[in-house]
Amino acid sequence: MRVVETCAEMMALCKEARRPLGLVPTMGALHDGHLSLTRQARADNATMAVSIFVNPTQFGPNEDFATYPRTMERDLELLEAQGTDLVFAPLPPEVYPEGFDTYIEPGEVAEGMEGAARPGHFRGVATVVAKLFTITRPDRAYFGQKDGQQVAVIRKMNADLNLGVDVVTMPTIRDPDGLAMSSRNAYLTEEERTAAPVVYRALCAAESLRRAGERDGGKLRTAALDVLHGEPLVSRVDYVSVVDAETMEWVGISPVERRLMIAAAVRLGSVRLIDNVVVG
(Lines give C-alpha, C1' and ligand atoms only; values in the text may rest on other atoms or scores of the structure.)
Protein backbone atom coordinates (compact mmCIF):
# COMPACT_ATOMS: atom_id res chain seq x y z
CA MET A 1 0.00 0.00 0.00
CA ARG A 2 1.36 3.40 -1.02
CA VAL A 3 0.39 6.51 0.95
CA VAL A 4 0.60 9.59 -1.24
CA GLU A 5 0.42 13.23 -0.16
CA THR A 6 0.84 15.19 -3.40
CA CYS A 7 -1.43 15.57 -6.41
CA ALA A 8 1.44 15.12 -8.85
CA GLU A 9 2.57 11.79 -7.39
CA MET A 10 -1.00 10.49 -7.16
CA MET A 11 -1.67 11.43 -10.78
CA ALA A 12 1.49 9.64 -11.91
CA LEU A 13 0.76 6.47 -9.93
CA CYS A 14 -2.84 6.29 -11.11
CA LYS A 15 -1.76 6.80 -14.71
CA GLU A 16 0.54 3.78 -14.41
CA ALA A 17 -1.88 1.64 -12.36
CA ARG A 18 -3.54 -1.50 -13.63
CA ARG A 19 -7.07 -0.96 -14.84
CA PRO A 20 -9.87 -0.83 -13.92
CA LEU A 21 -9.19 1.56 -11.03
CA GLY A 22 -11.77 2.04 -8.29
CA LEU A 23 -11.80 5.13 -6.06
CA VAL A 24 -13.38 5.40 -2.61
CA PRO A 25 -13.44 9.07 -1.51
CA THR A 26 -13.57 9.50 2.30
CA MET A 27 -12.89 12.06 5.01
CA GLY A 28 -11.33 9.37 7.20
CA ALA A 29 -12.51 8.26 10.65
CA LEU A 30 -13.39 5.04 8.86
CA HIS A 31 -16.19 2.71 9.98
CA ASP A 32 -17.96 -0.34 8.57
CA GLY A 33 -19.90 1.83 6.13
CA HIS A 34 -16.67 2.97 4.50
CA LEU A 35 -15.31 -0.57 4.57
CA SER A 36 -18.35 -1.86 2.69
CA LEU A 37 -17.31 0.50 -0.11
CA THR A 38 -13.69 -0.64 -0.06
CA ARG A 39 -14.71 -4.30 -0.11
CA GLN A 40 -16.81 -3.72 -3.22
CA ALA A 41 -14.10 -1.62 -4.85
CA ARG A 42 -11.51 -4.33 -4.14
CA ALA A 43 -13.77 -6.98 -5.67
CA ASP A 44 -14.53 -4.93 -8.79
CA ASN A 45 -11.14 -3.48 -9.72
CA ALA A 46 -7.53 -4.34 -10.41
CA THR A 47 -6.42 -1.26 -8.46
CA MET A 48 -8.16 0.28 -5.46
CA ALA A 49 -7.47 3.85 -4.37
CA VAL A 50 -8.89 5.53 -1.27
CA SER A 51 -8.72 9.23 -0.48
CA ILE A 52 -8.62 10.53 3.09
CA PHE A 53 -9.20 14.27 3.07
CA VAL A 54 -11.24 16.38 5.47
CA ASN A 55 -12.37 18.89 2.89
CA PRO A 56 -12.53 22.43 4.32
CA THR A 57 -14.63 23.85 1.50
CA GLN A 58 -17.69 21.76 2.37
CA PHE A 59 -17.82 22.99 5.98
CA GLY A 60 -19.65 26.18 6.94
CA PRO A 61 -18.09 28.82 9.22
CA ASN A 62 -19.86 27.49 12.34
CA GLU A 63 -19.47 23.77 11.55
CA ASP A 64 -17.12 21.14 12.90
CA PHE A 65 -14.14 21.24 10.52
CA ALA A 66 -11.62 21.78 13.34
CA THR A 67 -13.05 19.02 15.52
CA TYR A 68 -14.02 16.51 12.83
CA PRO A 69 -12.67 13.07 13.89
CA ARG A 70 -9.21 12.38 12.49
CA THR A 71 -7.87 8.84 13.02
CA MET A 72 -5.24 8.49 10.30
CA GLU A 73 -3.12 5.75 11.90
CA ARG A 74 -6.12 3.51 12.52
CA ASP A 75 -7.54 4.31 9.08
CA LEU A 76 -4.36 3.22 7.35
CA GLU A 77 -4.31 -0.05 9.28
CA LEU A 78 -7.88 -0.76 8.22
CA LEU A 79 -7.17 0.08 4.59
CA GLU A 80 -4.07 -2.07 4.46
CA ALA A 81 -6.11 -4.99 5.78
CA GLN A 82 -8.62 -4.35 2.97
CA GLY A 83 -5.92 -4.72 0.32
CA THR A 84 -5.84 -1.06 -0.66
CA ASP A 85 -3.23 -0.18 -3.28
CA LEU A 86 -3.10 3.62 -3.05
CA VAL A 87 -4.12 6.05 -0.30
CA PHE A 88 -4.30 9.72 -1.23
CA ALA A 89 -3.96 11.75 1.98
CA PRO A 90 -3.12 15.35 1.08
CA LEU A 91 -3.16 18.41 3.31
CA PRO A 92 -5.54 21.27 2.40
CA PRO A 93 -2.83 23.50 0.84
CA GLU A 94 -2.02 20.68 -1.59
CA VAL A 95 -5.62 20.49 -2.80
CA TYR A 96 -6.31 24.22 -2.59
CA PRO A 97 -2.98 25.97 -3.18
CA GLU A 98 -2.55 29.71 -2.84
CA GLY A 99 -4.52 31.43 -5.56
CA PHE A 100 -7.03 28.59 -6.03
CA ASP A 101 -10.18 30.23 -7.38
CA THR A 102 -12.17 27.72 -9.45
CA TYR A 103 -15.27 26.06 -7.97
CA ILE A 104 -18.14 23.97 -9.29
CA GLU A 105 -21.63 25.28 -8.60
CA PRO A 106 -24.18 22.44 -8.71
CA GLY A 107 -27.70 23.28 -9.87
CA GLU A 108 -31.22 22.44 -8.74
CA VAL A 109 -30.33 18.97 -7.43
CA ALA A 110 -28.34 20.72 -4.67
CA GLU A 111 -30.85 23.40 -3.71
CA GLY A 112 -33.06 21.68 -1.12
CA MET A 113 -32.44 19.70 2.07
CA GLU A 114 -28.68 19.75 2.79
CA GLY A 115 -28.18 22.49 0.21
CA ALA A 116 -30.67 24.75 2.00
CA ALA A 117 -29.52 23.83 5.51
CA ARG A 118 -25.80 24.14 4.73
CA PRO A 119 -25.24 26.89 2.13
CA GLY A 120 -22.12 26.28 0.07
CA HIS A 121 -21.80 22.67 1.22
CA PHE A 122 -22.38 21.07 -2.17
CA ARG A 123 -20.18 23.64 -3.91
CA GLY A 124 -17.34 22.26 -1.77
CA VAL A 125 -18.38 18.63 -2.31
CA ALA A 126 -18.67 18.97 -6.09
CA THR A 127 -15.34 20.79 -6.36
CA VAL A 128 -13.33 18.31 -4.31
CA VAL A 129 -14.91 15.25 -5.98
CA ALA A 130 -14.20 16.73 -9.42
CA LYS A 131 -10.59 17.25 -8.35
CA LEU A 132 -10.34 13.68 -7.04
CA PHE A 133 -11.79 12.37 -10.31
CA THR A 134 -9.29 14.34 -12.41
CA ILE A 135 -6.33 13.42 -10.18
CA THR A 136 -7.06 9.68 -10.09
CA ARG A 137 -9.04 9.19 -13.34
CA PRO A 138 -11.01 6.30 -11.84
CA ASP A 139 -13.12 3.88 -13.83
CA ARG A 140 -15.49 3.56 -10.87
CA ALA A 141 -16.12 5.62 -7.71
CA TYR A 142 -17.99 4.36 -4.67
CA PHE A 143 -20.35 6.28 -2.40
CA GLY A 144 -22.83 5.35 0.33
CA GLN A 145 -26.59 5.89 0.06
CA LYS A 146 -26.65 7.50 3.53
CA ASP A 147 -25.54 10.71 1.81
CA GLY A 148 -28.26 10.34 -0.80
CA GLN A 149 -28.41 13.95 -1.98
CA GLN A 150 -24.62 14.06 -2.21
CA VAL A 151 -24.69 11.03 -4.50
CA ALA A 152 -27.32 12.72 -6.68
CA VAL A 153 -25.17 15.86 -6.92
CA ILE A 154 -22.11 13.81 -7.90
CA ARG A 155 -24.03 11.76 -10.45
CA LYS A 156 -25.40 14.94 -12.07
CA MET A 157 -21.97 16.61 -12.14
CA ASN A 158 -20.38 13.46 -13.57
CA ALA A 159 -22.96 13.33 -16.37
CA ASP A 160 -23.05 17.06 -17.12
CA LEU A 161 -19.26 17.41 -17.30
CA ASN A 162 -18.71 14.12 -19.18
CA LEU A 163 -16.27 12.87 -16.54
CA GLY A 164 -16.96 9.29 -17.58
CA VAL A 165 -16.84 7.71 -14.11
CA ASP A 166 -19.14 4.84 -13.17
CA VAL A 167 -20.63 6.18 -9.92
CA VAL A 168 -21.51 3.16 -7.76
CA THR A 169 -23.97 3.70 -4.88
CA MET A 170 -23.80 1.20 -2.03
CA PRO A 171 -26.50 0.57 0.60
CA THR A 172 -26.44 2.39 3.93
CA ILE A 173 -24.74 0.30 6.61
CA ARG A 174 -26.54 0.39 9.96
CA ASP A 175 -25.92 -0.63 13.52
CA PRO A 176 -28.23 -3.44 14.75
CA ASP A 177 -30.67 -0.86 16.17
CA GLY A 178 -30.97 0.90 12.80
CA LEU A 179 -28.71 3.92 13.31
CA ALA A 180 -26.88 4.72 10.08
CA MET A 181 -23.13 4.49 10.56
CA SER A 182 -21.41 7.87 10.48
CA SER A 183 -18.13 9.31 11.69
CA ARG A 184 -20.13 11.94 13.58
CA ASN A 185 -21.85 9.28 15.70
CA ALA A 186 -18.75 9.48 17.89
CA TYR A 187 -20.04 12.85 19.13
CA LEU A 188 -23.17 11.32 20.69
CA THR A 189 -23.45 10.98 24.44
CA GLU A 190 -24.58 7.61 25.78
CA GLU A 191 -28.11 8.92 26.25
CA GLU A 192 -28.20 10.47 22.78
CA ARG A 193 -26.86 7.26 21.21
CA THR A 194 -29.73 5.35 22.81
CA ALA A 195 -32.23 7.80 21.33
CA ALA A 196 -30.57 8.17 17.90
CA PRO A 197 -32.34 5.24 16.14
CA VAL A 198 -35.51 7.37 16.27
CA VAL A 199 -34.34 8.90 12.97
CA TYR A 200 -34.49 5.58 11.16
CA ARG A 201 -37.76 4.63 12.88
CA ALA A 202 -39.28 7.87 11.62
CA LEU A 203 -38.16 7.16 8.07
CA CYS A 204 -39.48 3.60 8.31
CA ALA A 205 -42.88 4.90 9.44
CA ALA A 206 -43.09 7.01 6.29
CA GLU A 207 -41.76 4.16 4.14
CA SER A 208 -44.40 1.76 5.49
CA LEU A 209 -47.15 4.23 4.68
CA ARG A 210 -45.83 4.59 1.15
CA ARG A 211 -45.64 0.82 0.67
CA ALA A 212 -49.24 0.63 1.85
CA GLY A 213 -50.19 2.83 -1.09
CA GLU A 214 -50.08 6.40 0.25
CA ARG A 215 -49.40 8.83 -2.61
CA ASP A 216 -49.34 12.13 -0.70
CA GLY A 217 -45.80 13.28 0.13
CA GLY A 218 -47.14 15.59 2.83
CA LYS A 219 -48.73 12.69 4.69
CA LEU A 220 -45.49 10.68 4.48
CA ARG A 221 -43.63 13.64 5.94
CA THR A 222 -46.16 13.98 8.76
CA ALA A 223 -45.80 10.29 9.63
CA ALA A 224 -42.04 10.72 10.06
CA LEU A 225 -42.39 13.96 12.03
CA ASP A 226 -44.85 12.35 14.44
CA VAL A 227 -42.22 9.79 15.40
CA LEU A 228 -39.45 12.39 15.74
CA HIS A 229 -41.55 14.70 17.87
CA GLY A 230 -42.17 11.82 20.27
CA GLU A 231 -38.47 11.70 21.24
CA PRO A 232 -37.58 14.30 23.93
CA LEU A 233 -33.88 14.32 23.03
CA VAL A 234 -34.58 15.55 19.50
CA SER A 235 -33.61 19.20 19.85
CA ARG A 236 -34.42 20.22 16.27
CA VAL A 237 -35.62 18.78 12.99
CA ASP A 238 -33.83 20.57 10.16
CA TYR A 239 -36.01 18.86 7.57
CA VAL A 240 -38.00 15.81 6.59
CA SER A 241 -38.36 15.72 2.81
CA VAL A 242 -40.02 13.42 0.31
CA VAL A 243 -38.24 13.85 -3.02
CA ASP A 244 -37.66 12.20 -6.37
CA ALA A 245 -34.74 9.82 -5.82
CA GLU A 246 -32.78 11.17 -8.80
CA THR A 247 -33.67 14.86 -9.17
CA MET A 248 -34.19 15.63 -5.45
CA GLU A 249 -37.37 17.55 -6.35
CA TRP A 250 -40.13 17.66 -3.71
CA VAL A 251 -42.91 15.16 -4.47
CA GLY A 252 -46.53 16.03 -3.75
CA ILE A 253 -49.01 13.49 -5.09
CA SER A 254 -47.30 10.76 -7.08
CA PRO A 255 -47.89 7.25 -8.42
CA VAL A 256 -46.80 4.53 -6.00
CA GLU A 257 -44.42 3.25 -8.70
CA ARG A 258 -42.35 6.44 -8.58
CA ARG A 259 -38.97 6.02 -6.91
CA LEU A 260 -38.78 8.30 -3.88
CA MET A 261 -36.21 9.21 -1.27
CA ILE A 262 -37.51 10.06 2.18
CA ALA A 263 -34.76 12.02 3.92
CA ALA A 264 -34.25 13.66 7.30
CA ALA A 265 -31.73 15.80 9.15
CA VAL A 266 -32.21 15.79 12.90
CA ARG A 267 -30.30 17.23 15.84
CA LEU A 268 -29.89 15.35 19.10
CA GLY A 269 -28.36 17.92 21.38
CA SER A 270 -25.54 19.44 19.33
CA VAL A 271 -25.12 16.40 17.05
CA ARG A 272 -26.66 16.53 13.58
CA LEU A 273 -27.67 13.20 12.02
CA ILE A 274 -28.80 12.64 8.43
CA ASP A 275 -30.42 9.55 6.98
CA ASN A 276 -32.75 8.46 4.19
CA VAL A 277 -34.63 5.51 2.76
CA VAL A 278 -35.42 4.90 -0.90
CA VAL A 279 -38.81 3.48 -1.85
CA GLY A 280 -39.83 2.09 -5.23
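Given the structure is predicted, the values throughout are model-derived calculations rather than measurements. (Residues numbered from 1 in each chain as written. Predicted model: local features only at pLDDT ≥ 70, side-chain atom pairs only at ≥ 80, totals over all residues. Heavy atoms only, no water.)

## Considering the packing of aromatic side chains
The geometry of an aromatic ring pair comes down to the distance between the two centres and the angle between the two planes. Under the counting rule described, the total for this entry stands at five aromatic pairs. Ring geometry for Phe53 and Tyr96: centres 6.3 Å apart, planes at 40°, overall tilted. With a gap of 43 residues between them, Phe53 in the loop between strand E3 (47-52) and helix H3 (72-81) and Tyr96 in the loop between helix H4 (92-95) and helix H5 (114-117) connect regions that are remote in the sequence. Each member of the pair, Phe53 as well as Tyr96, is classed as buried. Ring centres of Phe59 and Phe65 lie 5.4 Å apart, and the angle between their planes is 65°; on these two criteria the pair is classed as edge-to-face. Every member of this aromatic cluster is reached through a ring pair, and the members are Phe53, Tyr96, Phe100 and Tyr103. Over the face of the ring belonging to Tyr103 we find Arg123, whose NZ or CZ atom lies 3.8 Å from the ring centre. Across from the ring centre of Tyr200, 3.7 Å away, lies the NZ or CZ of Arg174, which sits over that ring. (Phe/Tyr/Trp six-rings, centres within 6.5 Å; stacked < 30°, edge-to-face > 60°. Helix = DSSP H or I, 4+ residues; strand = E, 2+ residues; numbered from the N terminus. Buried < 20%, exposed > 50% of the residue type's maximum accessible area, 1.4 Å probe, protein only. Lys NZ or Arg CZ within 6 Å of the ring centre and 35° of its normal.)

## What about the sheet that holds strand E9 (residues 271-279)?
Within the open sheet, the three strands sit side by side as E7-E8-E9. Their pairing is antiparallel. At either end of the open sheet lies a strand with only one pairing partner, and these are strand E7 (234-244) and E9. Neighbour to neighbour, the strand axes of the sheet diverge by 15° on average, direction disregarded. Lying over the sheet, helix H9 (residues 198-211) contacts E7, strand E8 (260-268) and E9, oriented at roughly 20° with respect to E9. Seen against the sheet, helix H10 (residues 217-229) touches E7 and E8 and runs at an angle of roughly 160° to E7. (Pairing = 2+ DSSP bridges. Axes fitted to C-alpha atoms, helices over the stretch in contact; angles between N-to-C directions. Contact = heavy atoms within 4.5 Å.)

## Notes on the sheet that holds strand E2 (residues 21-26)
Overall, parallel pairing links the six strands, which are arranged E1-E4-E3-E2-E5-E6 in an open sheet. At either margin of the open sheet sits one strand with a lone partner, and together these are strand E1 (2-4) and strand E6 (166-170). Here the strands of the sheet are splayed against their neighbours by 25° on average, with no regard to which way each runs. In this structure, E3 lies alongside strand E4 (residues 86-88), joined through three bridges in parallel fashion. Paired with Val50 across the two strands is Val87, which belongs to E4. Each of E2, E3, strand E5 (140-144) and E6 touches helix H2 (residues 32-44); the most contacted strand, E5, lies at about 155° to it. Relative to the sheet, helix H6 (residues 121-136) contacts E2, E3, E4 and E5, its axis offset from that of E2 by approximately 150°.

Read these as spatial facts, not as claims about activity.
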